[in-house]
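Chain by chain, the residues run as shown.
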Amino acid sequence: MATPQYPNLGEVFKLTIDYSHPNVQPLTMVKNYGYDPAGWRYTGKTATGVVISKFQLVSVGLCGNWRDLGGKLAAYGKNPGGLWIQAFKDAYPKPDGRGRVGIFDASWMNQGHFECFPCIYSSGDLYFSQVIRKFNKHWRWLVYAKK
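Cut-offs used in this document
- Residues numbered from 1 in each chain as written.
- Predicted model: local features only at pLDDT ≥ 70, side-chain atom pairs only at ≥ 80, totals over all residues.
- Heavy atoms only, no water.
- Helix = DSSP H or I, 4+ residues; strand = E, 2+ residues; numbered from the N terminus.
- Rg over C-alpha atoms; globule rule 2.2 N^0.38 Å.
- Buried < 20%, exposed > 50% of the residue type's maximum accessible area, 1.4 Å probe, protein only.
- Contact = heavy atoms within 4.5 Å.
- Areas by Shrake-Rupley, 256 points an atom, 1.4 Å probe, with all protein chains shown as cover.
- Lys, Arg positive; Asp, Glu negative; His and termini not counted.
- Charge placed at Lys NZ, Arg CZ, Asp CG, Glu CD.
- Salt bridge = Lys/Arg side-chain N within 4 Å of Asp/Glu carboxyl O.
- Core = buried A, V, L, I, M, F, W, Y, C linked by side-chain atoms within 4.5 Å.

J.: Is there a simple way to explain the overall build of the chain in this structure?
T.: Helix and strand content of the chain: 3 helices and 8 strands. Tracing the chain from N to C terminus, the helices and strands come up as β-α-β-β-α-α-β-β-β-β-β. A compact globule built from 147 residues would reach a C-alpha radius of gyration of about 15 Å, and the chain, at 14 Å, matches this within 12%. For the C-alpha atoms alone, the extent of the chain along its principal axes is close to 40 × 35 × 30 Å. Expressed as a percentage of its 147 residues, the buried residues of the chain come to 43%. Taking as baseline every contact in the chain between residues at least 6 positions apart, the subset at least 24 positions apart corresponds to 71%. Approximately 7,800 Å² of the chain is accessible, and the part contributed by carbon and sulfur atoms is 52%. Across the chain, 18 positive and 9 negative side-chain charges occur, with their mean positions spaced 6 Å apart.

J.: What am I meant to see in the pattern of salt bridges here?
T.: Scanning all chains against the criterion turns up 2 salt bridges. The shortest N-O distance in the salt bridge between Arg 98 and Asp 96 comes to 3.1 Å. A residue is classified by how much of its surface remains accessible, and Arg 98, at 48% relative accessible area, is partly exposed. You can call Asp 96 partly exposed: its relative accessible area is 21%. The structure contains a network of salt bridges with shared partners spanning Asp 96, Arg 98 and Arg 140.

J.: Help me out: how do you make sense of the environment of Gly 61 in this one?
T.: Mapped onto the secondary structure, Gly 61 falls in the loop between strand 3 (50-58) and helix 2 (66-73). By relative accessible area, which is 23% here, Gly 61 ends up partly exposed. Each C-alpha atom, one on Gly 61 and one on Lys 137, is 4.1 Å from the other, the two residues being 76 residues apart in sequence. Once you skip the residues sitting within four places of it in the chain, Gly 61 turns out to touch Phe 135, Asn 136 and Lys 137.

J.: I tried to follow the environment of Gly 124 on my own but got confused; where do I start?
T.: Residue placement: Gly 124 occurs in the loop between strand 6 (115-120) and strand 7 (126-130). Residue classification places Gly 124 among the buried positions, given a relative accessible area of 5%. Contact partners of Gly 124, with chain neighbours within four places excluded, come to Lys 89 and Pro 95.

J.: Could you clarify how one ought to interpret helix 3 (residues 84-91) in this entry?
T.: Residues separated by three or four positions in an α-helix point in the same direction, a consequence of the helix having 3.6 residues per turn. Most of helix 3 sits inside the fold, with 6 of its 8 residues counted as buried. Three or more residues of helix 3 are buried, namely Trp 84, Ile 85, Gln 86, Ala 87, Phe 88 and Lys 89.

J.: Hey, could you run me through unusual backbone geometry in this one?
T.: Peptide bonds are trans in most cases, and residues, glycine excluded, mostly fall at negative phi. The residue His 113 is not glycine, and still its phi comes out positive at about 65°. On the secondary structure map, His 113 appears in the loop between strand 5 (108-109) and strand 6.

J.: Got a minute to help me understand the nonpolar core in this structure?
T.: If you look at soluble globular proteins, the nonpolar side chains tend to sit buried side by side. Ranked by internal contacts, the top residues of the largest apolar core, which has 27 residues, are Leu 15, Trp 84, Phe 88, Trp 108 and Leu 142. For this core, the elements supplying multiple residues, two or more each, are strand 1 (13-18), helix 1 (26-32), strand 3, helix 3, strand 6 and strand 7. Among the elements that make up this core, the one with the highest residue count is helix 3 (4 residues). Residues contacting Leu 15, with those up to four places away along its chain left out, are Val 51, Ile 52, Ser 53, Phe 55, Trp 84, Ala 87, Phe 88, Ala 91, Tyr 92 and Leu 142. The next biggest cluster of nonpolar side chains, apart from the first, holds 15 residues, and it includes Trp 66, Leu 69, Phe 117 and Val 143.

Next up, the structure:
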């Protein structure tokens, strides 16, 4: 069976998340991404059950900061929680090398008390990025598809 390719920008696709799966637990994600979870906190919402939703990847161009990014992403509607990054990675395990994929959800606080959000490098590695950065045009963002 062929490995699915990342969806194109604007293409609608479905993802399934099982909130009871160990890999979808906020601090387990921290550990699985190669960080020591001691001192990390998760401030986001938790959920239960299995959920299927429709998504799309979008690009909003250069953003000078997290607030600017949030304003541009707001045009696409409500952002999914960061736990969905694991569902995306599970559905699309082979990266396309065309830029990073992130979710606008800074619900993780690292040991330095910086807000962080989950993302996937162009290489396919999962990581947490601090919100104190600029975002170039190569970032893609996972958002709910408009119905």
